[in-house]
Amino acid sequence: MEAAKPAALQFVSRGPISRALEREGTLAFWLLAPTLLILTVFIAYPFVLGVWLSLSNSTVGEPGHFIGLANFHKIFADSIFRTAAINTFVYTGITTVFKLALGLWLALLLNRHFRGKAWIRAFILLPFIIPTVLSTLAWKWMFDPTFSVFNWLFWKMHIINSRINWLGDPELAMGSIMIVNVWRGVPFYAISLLAGLQTINPDLHEAAAIDGANRWQRFRHVTWPLLLPVTMVVVLFSVIQTFADFQLVYVLTGGGPANATHLFATYAYQIGIGTGLLSEGAAISLAMFPALLLVVVFQLWYIRKVENR
Amino acid sequence: MIEGARWRKWVWFYLPLGAFILALLFPFYWMIVTTVRPDGELYRPWNHPLYSPFWTSNPTLDHVKSLLQETLFNTWMLNTMFIAFVATVISLVCGVIAGYALARLTFRWAGILGTAIFVTYLVPQTLLFIPLAEIIRDYRIGDTPWALILTYPTFLIPFCTWLMMGYFKAIPRELEECARIDGAARWQAMLYIIFPIAVPGILSAGIFAFTLSWNEFIYALVFLSSPEQKTVPVGVTSELIRGDVFFWGSLMAGALIGSIPVAVVYSFFVEHYVAGMTGSVKG
Amino acid sequence: MARFTRRKFLQASGAGLAGILASHQAPVLAQQRTVHWIKWNDFVPASDELLRKTMLPEAMKALGIKINLETVNGNDLQPRVTSAIQSGSGPDVFMLFNNHPHIYGASSVDVSDVADAIGKAQGGYYNVAKANTMDGKKVLSVPWAVIGAEIAYRKSWFDEIGLSKFPETWEQYHDAGKKLKAKGRPIGQTLGHTFGDAPTFSYPLLWSFGGKEVDEQGKVALDSKETLESVKFMQAFWKDAHDEGGLAWDDTNNNRAFLSGTISATLNGASIYIETLRKPDQYKTEKNTPMKDDIRHSPLPRGPKGQFGFHLFQSHMVMRYSKNQEAAKEFLKWIHDPKNYERWFVSQKGYSTPPAAMWEKHKMWDEDPVMAPFKIAARLGLSPGYAGPPNRKAAEVLTKYIITDMYAKAVQGMSPQEAVKWAAGEVRQIYSAT
């Protein structure tokens, strides 16, 4: 209150615009207008257009006409689509579990005091900061069938006799993309959960320890419940991103081998842009939306439940 | 405060932490080694007797040179910087004022609009890229940086908005009340009192937006055609694979150098970045 | 919405100009015509260099047109053409593979004036060229070249197992492969989604057993006994004789594997051999002799119903959205002029076969006997969609890799019956759509 008033406040301009902006509703309108404009033009409108595309038979260069749900019939009968759908759920589910578990573990480790803590916390985030495409290229090189460093390592350790086909064997390829996704996501989970951990009052731990709880019980009854809100938010963000993932699979396997690692996004790209069948591609993309919505609604409901407990 | 013998400290703390650090940072080390490894060594199969993955005895800058001189890498860096910067500015402006409106002003549509903005975040780029390509064509901004500068805010703004909402909610209302009592208009209170206090939040949001812009791929892949227009992620993946050969040396050099701007920006503002991430998560 | 569009457009163009200046691009001078040509990264780098350093500057002098050459990874041509058509701007001359012109035909400019003249003057186009570029109503693209696909193999290794001549039938090749894989020298073949080496293997394999996608009446005929035989064969052949990493390979992996001595034979264009010619000191066999002396070529083996080949076909399409259509056509005429085209053809050293008959007599073919099989590649090739016409539907089947996937699924464990059933179902869906 002792601070000098900024110059602008000294002459109080009460022109008509200023007066109009006094009303909360009007000010809010103008403050939100640019955002709403951009989001309407570049999200809402394309979304509607995407729905229209998926109900038509347009292909590249040939605007089509309305054909109802034929595209959806076609893709649901397409076994590659079904594979992509299952892959997306499996990929999201498994990586989220691992990211959460490993991220939590790392957060607990980072929650202690040790030398170089600040540096390490900064470096830990690198996998998340670096553009995904660039770090995935490094992984692609590490997984290369002929030149893989992991193969060399395991060979030297006498764990394997012949080559591990990281990206060429269909199941291994799924495993490989999950490894890269977990590698990329653990820092995000770790840092966010760390922030959550730091808001937990250490007195609570002391009290529980005095009451005779061992480490594991303290974690289960003190740490975990208090961490739950933060955890759910982090998981929500992460699930949305992972479900719609494109870059990682595109760079690492392109959806192969033999369509074994396709996700919704990469398959939509292959059909829509690669093959030029735009309307089918749009249908595949849209098929992602209800599933995503369900997952998100469920999580939001769960968060609300947890918060109200 | 780790009770118990030294070895316990090692097993439960140092080893796991070390393992995590190794696993998380090894790929970057690999990028660096590959970048300076000469071609003859680079293309040795893994069961070749002379395979020495972890270091090289003849480091070379050939790959870096070929990257910078024989490809359009420099142009891609400039493009990406330009696009990321402008998109960040647009998103910050929109996100800050929208965040303020939703956090501080009471009006009828507040709840619905807040939810609406959240819902747009659920619509992934991989859903929109096909119809957006048509829109980009109709506005005739295809194959220009503007195709990206105008579309990136679609996923940057929601994020900035929430981040700022969290920050604004934490600022006591009394500050504005005092300013208004002192005669300031509502918008002046917002601009001259609240925003300066929220600068750390704005910085966090800006850095986040900057790194997210660098990370975007599919819009850049689909909306840009000409090599001179490309961004670093698209350029590196599409132009460094020539003919029969993946030029791994230059590819890794490109990946490494392409990561530097983001890493530098991040390193200057680490605390803000982390604070922003945690703030958004808690808020 | 209109106000927004105009205002944003003006803002965009104003700032766009600033952006252009900021990225050091010189604005195009009013009088100079430019043509943006996009083609794949040639697997024979010397030819792209010839174009960039010598031929395109000559074109500029001769025609007053600046040619902007862009080369991309072959697998990226299709996404590029879709994005370009969708965004209404992009390269003026687009290289396309195989029967893809049929997919993008609606966005092409009729080039019959250019193509017909070339065909007539150069001894007539081969059937495969005509099939891929003409849809009966207009000429979709100007044929450019055919890349012969042959099996490149290590002569010394085949000699060691007692074969001085390359196996003639699939059974013999299977036997040879078994022996070679036992010595750690498997056959390398991709069954991945890559434009070159995968379809050029899977389609002829299918045809050589008598299988076909469509019969002469246009009915889908893929699920037949013959197709089943070919799939059963491939399943065993893969396990016994192939490098199983091939499922994830693209067009470059087999080159690298061959050059590093990990596979003994692979179907490929001539790029492996040409690369060893380029750097004879770098590519040595395990006995330290130059690898170029150990490489021979052979066509794919014969199956019960014949011997077939499917060779990658390339053509150039002039895009309808292009603002430089006349200049593009002039350029295409110029580059197909025999004295210009010949230089490019010679730089390819036989990797490409021209699409017109007159070039079979060219003396370049006599220079290197290792390259002899490639001379008649264009004449012998069949097109996807056989035995029906090579049309848009065949192009869709090709671009969705259905035939390749049929084999890929079987070698991954699916029963041959199911794999064939799946593939036939997919093909039927495509052919029955309007």
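Here the structure is a predicted model, which means the values were calculated and not measured. (Residues numbered from 1 in each chain as written. Chains lettered and ligands numbered in written order. Predicted model: local features only at pLDDT ≥ 70, side-chain atom pairs only at ≥ 80, totals over all residues. Heavy atoms only, no water.)

How would you sum up the overall build of chain C? Please name residues and give values.
A tally of helices and strands in chain C yields 18 helices and ten strands. For chain C, whose C-alpha radius of gyration is 23 Å, the value lies close to the compact-globule estimate of 22 Å for 434 residues. For chain C, the C-alpha atoms occupy an extent of roughly 70 × 50 × 45 Å along the three principal directions. Burial statistics for chain C: of 434 residues in total, 60% are counted as buried. Partitioning the intrachain contacts of chain C with sequence separation of at least 6 by distance along the chain shows that 75% fall at a separation of at least 24. Counting every atom, chain C has about 16,600 Å² of accessible surface; 54% of that belongs to carbon and sulfur. Chain C carries 54 positive and 46 negative side-chain charges, and their two centres are separated by 5 Å. (Helix = DSSP H or I, 4+ residues; strand = E, 2+ residues; numbered from the N terminus. Rg over C-alpha atoms; globule rule 2.2 N^0.38 Å. Buried < 20%, exposed > 50% of the residue type's maximum accessible area, 1.4 Å probe, protein only. Contact = heavy atoms within 4.5 Å. Areas by Shrake-Rupley, 256 points an atom, 1.4 Å probe, with all protein chains shown as cover. Lys, Arg positive; Asp, Glu negative; His and termini not counted. Charge placed at Lys NZ, Arg CZ, Asp CG, Glu CD.)

Before we move on, could you go through the overall build of chain B and cite the residues and values that matter?
What chain B contains, in helices and strands, is 15 helices and two strands. Counting across all 283 residues of chain B, residues that qualify as buried make up 62%. In chain B, the proportion of contacts linking residues at least 24 apart, taken out of those at least 6 apart, comes to 75%. Approximately 10,900 Å² of chain B is accessible, and the part contributed by carbon and sulfur atoms is 68%.

Describe the pairing of strand S4 (residues 142-147) of chain C, naming the residues involved and giving the relevant values.
Residues and elements named next belong to chain C. Extensive coverage of S4 is indicated by the burial of six of its six residues. Looking at chain direction, S4 and strand S9 (residues 312-318) are connected through five bridges and run antiparallel. By the bridge assignment, Val 142 is partnered in S9 with His 316. Pairing geometry for S4 and strand S10 (residues 352-353), over two bridges, is antiparallel. Within the sheet, the bridge partner assigned to Val 146 lies in S10 and is Thr 353. (Pairing = 2+ DSSP bridges.)

Explain the sheet that holds S10 of chain C to me, and be specific about the residues and the numbers.
Residue and element names in this part refer to chain C. The sheet built from six strands is open, its strands ordered S2-S1-S3-S9-S4-S10 with mixed pairing. Of all strands in the sheet, those with a lone pairing partner are strand S2 (65-72) and S10, marking the two edges. Across the face of the sheet, helix H3 (residues 77-87) comes into contact with strand S1 (33-40), S2 and strand S3 (93-97) while running at roughly 135° to S3. (Axes fitted to C-alpha atoms, helices over the stretch in contact; angles between N-to-C directions.)

Explain helix H8 (residues 170-182) of chain C to me, and be specific about the residues and the numbers.
All names here are of chain C. For H8, which comprises 13 residues, the first-to-last C-alpha distance of 18 Å matches the rise-based estimate of 18 Å (1.5 Å per residue) to within 8%. Within H8 the residues assigned to the buried category are Trp 170, Tyr 173, His 174, Ala 176, Gly 177 and Leu 180. Those residues of H8 hidden inside the fold are in contact with strand S5 (150-154), helix H7 (155-160), strand S6 (187-188), helix H9 (199-208), helix H10 (225-241) and strand S7 (265-268). The first or second residue beyond H8 is Gly 184, which carries a positive phi of 80°. (Expected span 1.5 Å × (residues − 1).)

An account of unusual backbone geometry is requested, with residue identities and associated values reported.
Residues and elements named next belong to chain C. Its identity is not glycine, yet Lys 349 carries a phi of approximately 55°, on the positive side. Taking the relative accessible area as the measure of exposure, Lys 349 reaches 45% and is therefore partly exposed. The backbone of Tyr 401 sits at a positive phi, close to 55°, despite the residue not being glycine. As for its position among the elements, Tyr 401 is in the loop between helix H16 (392-399) and helix H17 (402-411).

Please provide a residue-by-residue account of the packing of aromatic side chains, values included.
Residues and elements named next belong to chain C. Using the criterion set out here, one finds 70 aromatic pairs over all chains in the structure. Judged by centre distance (5.5 Å) and plane angle (70°), the ring pair of Tyr 203 and Phe 310 falls under edge-to-face. Taken together, the residues Tyr 203 in helix H9 and Phe 310 in the loop between strand S8 (295-298) and S9 connect sequence positions 107 residues apart. Taken as a pair, Tyr 203 and Phe 310 share a single burial class, namely buried. Through a chain of ring-to-ring contacts, the aromatic side chains of Tyr 153, Phe 158, Phe 166, Trp 170, Tyr 173, Phe 201, Phe 209, Phe 233 and Phe 237 assemble into a single cluster. For Arg 154, the ring lying beneath its charged end belongs to Trp 157, and the centroid distance is 4.1 Å. One Lys or Arg, Lys 409, reaches over the ring of Trp 422 and ends 4.5 Å from the middle of that ring. (Phe/Tyr/Trp six-rings, centres within 6.5 Å; stacked < 30°, edge-to-face > 60°. Lys NZ or Arg CZ within 6 Å of the ring centre and 35° of its normal.)

Tell me about a nonpolar patch on the surface, and please be specific about residues and values.
Taken together, Ile 86, Val 90, Ile 94, Val 97 and Phe 98 of chain A make up a surface patch of nonpolar side chains, about 440 Å² in accessible area. Summarising the element assignment, Val 90 of chain A is placed in helix H5 (residues 79-110). (Patch = residues over 30% accessible without salt bridge, like charges linked within 9 Å, V, L, I, M, F, W, Y side chains within 5 Å. Salt bridge = Lys/Arg side-chain N within 4 Å of Asp/Glu carboxyl O.)

How would you explain the interface of chain B and chain A if you had to name every residue and give the values?
Tallying the contact residues gives 102 residues for chain B and 110 residues for chain A. Buried surface at the junction of chain B and chain A, both sides included, amounts to about 9,500 Å², of which 80% is carbon and sulfur. In this structure, the connection of chain B to chain A is made through zero salt bridges. Here chain B is connected to chain A by seven residue pairs in polar contact (both at pLDDT 80 or more). (Buried area = accessible area lost by both parts, 1.4 Å probe. Polar contact = N/O pair within 3.5 Å; in protein donor to acceptor, adjacent residues only side chain to side chain.)

Any details on H16 of chain C? Residues and values, ideally.
Residue and element names in this part refer to chain C. Extensive coverage of H16 is indicated by the burial of six of its eight residues. Of all the residues in H16, the buried ones are Ala 394, Ala 395, Glu 396, Val 397, Leu 398 and Thr 399. Between the side-chain oxygen at the start of H16 and the backbone nitrogen of Lys 393 there is a gap of 3.1 Å, and the oxygen is on Asn 391.

Tell me about the nonpolar core, and please be specific about residues and values.
By size, the foremost hydrophobic cluster in this structure holds 252 residues, and its most contacted members are Phe 168 and Tyr 219 of chain B. The element that contributes the greatest number of residues to this core is helix H4 (residues 73-104) of chain B, accounting for 16 residues. The residues that make up this core include at least three from each of domain 1 (21-54) and domain 2 (73-307) of chain A. In this structure Phe 168 of chain B touches Val 96, Gly 99, Tyr 100, Ala 103, Arg 104, Ile 194, Phe 195 and Ala 198 of chain B, once residues within four positions along its chain are discounted. Counting 83 residues, the second-largest nonpolar core is a separate cluster that includes Ile 65, Val 72, Trp 365 and Val 370 of chain C. (Core = buried A, V, L, I, M, F, W, Y, C linked by side-chain atoms within 4.5 Å. Domains from an automatic or database assignment.)

Can you break down the pairing of S9 of chain C residue by residue, with the values?
Residue and element names in this part refer to chain C. With seven of seven residues buried, S9 lies mostly within the body of the structure. Burial along S9 is two-sided: the face carrying Leu 312, Gln 314, His 316 and Val 318 and the face carrying Phe 313, Ser 315 and Met 317 are both buried. Pairing analysis gives five bridges linking S3 to S9, with the strands arranged antiparallel. Residue pairing in the sheet places Met 95 in a bridge with His 316 of S9.

Help me get a handle on the confidence of the model for chain C, residues and values and all.
All names here are of chain C. Residues of chain C with pLDDT of at least 70 account for 93%, and the chain-wide mean is 85. Confidence over residues 16-29 falls short of pLDDT 50; this stretch has seven contacts with residues more than four positions distant or in other chains. For this predicted complex, the interface confidence comes out at an ipTM of 0.82, alongside a pTM of 0.81. (pLDDT = per-residue confidence, 0-100.)

Got a sec to walk through the side chain of Gln 78 of chain C? Specific residues and values, please.
One can find Gln 78 of chain C in helix H3. When its relative accessible area of 13% is taken as the criterion, Gln 78 of chain C is described as buried. Of note is the side chain of Gln 78 of chain C, whose polar atom sits 3.0 Å from the side chain of Tyr 104 of chain C. Leave out the neighbours within four places in its chain, and Gln 78 of chain C touches Ile 273, Gly 274 and Thr 275 of chain A together with His 100, Ile 103, Tyr 104 and Thr 399 of chain C.

I'd like to hear about the packing of helix H8 (residues 132-143) of chain A against helix H1 (residues 6-36) of chain B, residue by residue, with values.
Between H8 of chain A and H1 of chain B, the shortest axis-to-axis distance is 10 Å and the interhelical angle comes to 75°. One way to sum up the angle between H8 of chain A and H1 of chain B is to call them roughly perpendicular. Contacts from Leu 134, Ser 135, Ala 138, Trp 139, Trp 141 and Met 142 of chain A in H8 of chain A reach Phe 26, Pro 27, Trp 30, Met 31 and Thr 34 of chain B in H1 of chain B. Here the contact of H8 of chain A with H1 of chain B is built from residues that sort into nine nonpolar, two polar and no charged. (Parallel < 35°, antiparallel > 145°, perpendicular 65-115°, else oblique. Nonpolar A, V, L, I, M, F, W, Y, C, P; charged D, E, K, R; others polar.)

Which residues make up the side chain of Ser 315 of chain C, and what are the values?
Residues and elements named next belong to chain C. Along the polypeptide, Ser 315 turns up in strand S9. Given the relative accessible area of 0%, Ser 315 is considered buried. Residues in contact with Ser 315, not counting those within four places in the same chain, are Phe 94, Met 95, Leu 96, Pro 101, Thr 133, Ser 141, Val 142, Pro 143 and Trp 144.

Explain the packing of H9 of chain C against H17 of chain C to me, and be specific about the residues and the numbers.
All names here are of chain C. In contact at an axis separation of 9 Å, H9 and H17 are set at 80° when each is read in the N-to-C sense. The orientation of H9 with respect to H17, classified from their angle, is roughly perpendicular. Within the contact between the two elements, H9 uses Pro 199, Ser 202, Tyr 203, Leu 205 and Leu 206 and H17 uses Ile 403, Thr 404, Met 406 and Tyr 407. The class makeup of the residues in the contact of H9 with H17 is seven nonpolar, two polar and no charged.

So what's going on with the sheet that holds S7 of chain C? Residues and values would help.
Residues and elements named next belong to chain C. The strand order across the open sheet formed by four strands is S6-S7-S5-S8, and the pairing between neighbours is mixed. One side of each edge strand has no neighbouring strand; the edge strands of this open sheet are S6 and S8. Across two bridges, S6 lies against S7 in parallel orientation. Residue Gly 188 lies in a different strand from S7, and its bridge partner there is Thr 266. Packing against the sheet, helix H12 (residues 271-278) makes contact with S7 and S8, and its axis sits at approximately 155° to S8.

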